[in-house]
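Residues per chain, in single letters:
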Amino acid sequence: MKILHTSDWHLGQSFFTKSRKHEHDAFLKWLLKEVDTHAIDAVIVAGDVFDTGTPPSYARELYHAFIGALQGRQCTLVVLGGNHDSVSVLNESKSLLKYLNSHVIASTFGDSAEQVIALKNSIHEVGAILCAVPFIRPKDVLVSTAGQSAIDKRHALGEAIKQHYAMLYQQAIALRNSIAAQTQQQAETIPIVATGHLTALGVSQSESVRDIYIGTLEGFDAGGFPPADYIALGHIHRPQKVAKTEHIRYSGSPIPLSFDELNTQKQVVMVEFTSGQTAITPIPVPRFQAMEVIKGDLASIELAINSSSAIANATEFSPVWLCIEVETQDYLTDLQQRIQALLEGKNAEILQLKRVRKSATKSLSETKNRQLSELSVKEVFEARLALEDFDSLEQDNSPERDNSLERDNSPEQDNSPELIESLEPDESTPTQASSTNRKARITHLFSEAVERVHANDEDNDALVNRSKADKEQAK
């Protein structure tokens, strides 16, 4: 039995206003060739098929074209929903795709038996049992209880996810035993595979990964996974093992979704089960779009541009995408013009231009003349936060101000440990500690607001779908 593990396609992504359509199209065609070359029996996409809950039409076309092309290859497809995916969008074609040897598991809500799938090999025997676990939404596995503290909720959610995995694993064992009894196979020779779309504790992330907190759970302990023969994970874009364990892996995204991913070889993972043995083989994915990061002062950047083989080999129809980080102590008002002049006559486009200074924290007065495209939302927030005088604000003992902050987010509920650590209070005076706590609370509220903006509004999707259904029924 051969399984190909991939994830985080992010079809429809806009990369600094650039479409990734040709890259995704090239990747999917390459993936079909790999299915043929290695005689793959099943392809597992571990979440984030699309980049947004409302993907553009070309992204859906690529998705459905791939499914159609896969059918002539006697290969099963399993698609798991991710935190970027809309449950309703994935489910809209679920009923049709099941007739095309494709399984879509958009959420954990519903019949758990549908989430345990028998995968067949090329000779139509059951070669593996799959516990298909997508991105887990708290409302699907947990019922809130009044009076719970943040720590209690975190613990309860972690246990609920662990129990969900355990329940599916027990169903997989029961199905395996039933199949073995009917086919005279030894149950132990049928491997069990599990999936997931989450952040496991201790993994290395990249800039393009949006932090997902399942409720108040920042990361899932690898010890909570069931004892499956292989666990195919998604959400983290850098391919890696979890907890130094060979059989628990992130396949990573197939194309670089941010410039800081360029130093990582993209891959899909082939898992082969033979006579009780498991062979795990990463398959490198070629780069379908030339991209480069160039760093240094102006002199070294000019040298790097003139000696770059990628820029030299680029064409007018396929230019290199560049991220340029300029190290300078002074503000250069004509920096963009200077960099553009260095690229005169060359087939390259600057998608991201950064100024890098030694000072880690910049105020708005230092950044007001920078281009907005150079600043992230987080940088704007931190610059504005740096201007606030929290010590003087502490003298304002308004109950409404303090109580509103406490209600929205108590210190126990903070999901940004790295930020809080950098704002660790100086306990030399109570005022400093109090102002630091206020900064920490505001920082968390900001992070929570950003996450709400990015998150899929499933309730609105449901209301829209229900409204459409009501209108159809009225007709």
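Source: prediction; values computed, not measured.

Q: Lay out the sheet that holds strand E16 (residues 320–327) with the relevant residues and their values.
A: On the basis of which strands lie adjacent, the open sheet formed by three strands has the order E15-E16-E17 and parallel pairing. Lying at the two open borders of the sheet, with one neighbouring strand each, are strand E15 (291–296) and strand E17 (348–356). With strand direction ignored, the average angle separating the axes of adjacent strands in the sheet is 15°. Where E15 lies against E16, six bridges are found, and the strand directions are parallel. Bridge assignment links Lys-295 to a residue of E16, and that residue is Glu-325. The strands touched by helix H7 (residues 298–307) are E15 and E16; relative to E15, the strand with the most contacts, the crossing angle is about 150°. On top of the sheet, helix H9 (residues 335–342) reaches E16 and E17; it is set at about 140° to E17, its chief contact.

Q: Account for the pairing of strand E10 (residues 230–234), with residues named and values stated.
A: For a regular strand, the rule is simple: side chains alternate between the two faces of the sheet. The buried count for E10 comes to five of five residues, which makes it a mostly enclosed element. Neither face of E10 is left uncovered, since the one carrying Tyr-230, Ala-232 and Gly-234 and the one carrying Ile-231 and Leu-233 both have all their residues buried. Here strand E9 (residues 192–197) pairs with E10 via five bridges, running parallel. The residue bridging Ala-194 from the neighbouring strand is Ile-231, located in E10. The pairing of E10 with strand E12 (residues 245–250) spans three bridges and is classified as parallel. Pairing of Ile-231 across the sheet is with Ile-248, part of E12.

Q: Could you give an account of the pattern of salt bridges, with specific residues and numbers?
A: Side chains that differ in sign of charge can pair as their charged atoms come close. Throughout the structure, instances matching the rule amount to 13 salt bridges. Between Arg-238 and Asp-260 there is a salt bridge, with its nearest N and O atoms 3.4 Å apart. Pair noted here: Arg-238 is in the loop between E10 and strand E11 (240–242) and Asp-260 is in the loop between E12 and strand E13 (267–274), with a separation of 22 residues, a long-range link. The partner of Glu-325 in a salt bridge is Lys-354, with the nearest N and O atoms 3.8 Å apart. Here Glu-325 is found in strand E16, whereas its partner Lys-354 is found in strand E17, with 29 residues between them in sequence. A relative accessible area of 15% places Glu-325 in the buried class. Residues joined in a network through salt bridges with shared partners are Lys-241, Glu-246 and Arg-249.

Q: If you had to explain H9 to someone new, which residues and values would you point to?
A: By the burial criterion, the buried members of H9 are Leu-335, Ile-339 and Leu-342. One side of H9 holds all its buried residues, which, seen down the axis, span an arc of 55°. At its buried positions, H9 is contacted by H7, E16 and E17.

Q: Give a detailed account of the packing of aromatic side chains, specifying residues and quantitative values.
A: Overall, the coordinates contain twelve aromatic pairs when judged by the stated rule. Relative to Tyr-63, the ring of Phe-50 lies with its centre 5.3 Å away and its plane at 70°, an arrangement referred to as edge-to-face. One end of the pair, Phe-50, is in the loop between strand E4 (42–46) and helix H2 (57–71); the other, Tyr-63, is in helix H2, and 13 residues separate them in sequence. Each member of the pair, Phe-50 as well as Tyr-63, is classed as buried. When the centroid spacing of 5.4 Å and the interplanar angle of 80° are considered together, the rings of Tyr-165 and Phe-225 count as edge-to-face. In this pair, Tyr-165 sits in helix H6 (residues 150–183) while Phe-225 sits in the loop between E9 and E10, placing the two residues 60 residues apart along the sequence. Classification of Tyr-165 by relative accessible area gives buried; the value is 1%. The rings of Trp-9, Phe-27, Trp-30 and Phe-66 are connected pair by pair, giving a single aromatic cluster. Its guanidinium or amino end placed over the ring of Phe-15, Arg-20 lies 4.5 Å from that ring's centre, counting from NZ or CZ.

Calculation notes
- Residues numbered from 1 in each chain as written.
- Predicted model: local features only at pLDDT ≥ 70, side-chain atom pairs only at ≥ 80, totals over all residues.
- Heavy atoms only, no water.
- Pairing = 2+ DSSP bridges.
- Helix = DSSP H or I, 4+ residues; strand = E, 2+ residues; numbered from the N terminus.
- Axes fitted to C-alpha atoms, helices over the stretch in contact; angles between N-to-C directions.
- Contact = heavy atoms within 4.5 Å.
- Buried < 20%, exposed > 50% of the residue type's maximum accessible area, 1.4 Å probe, protein only.
- Salt bridge = Lys/Arg side-chain N within 4 Å of Asp/Glu carboxyl O.
- Arc of directions from axis to C-beta.
- Phe/Tyr/Trp six-rings, centres within 6.5 Å; stacked < 30°, edge-to-face > 60°.
- Lys NZ or Arg CZ within 6 Å of the ring centre and 35° of its normal.

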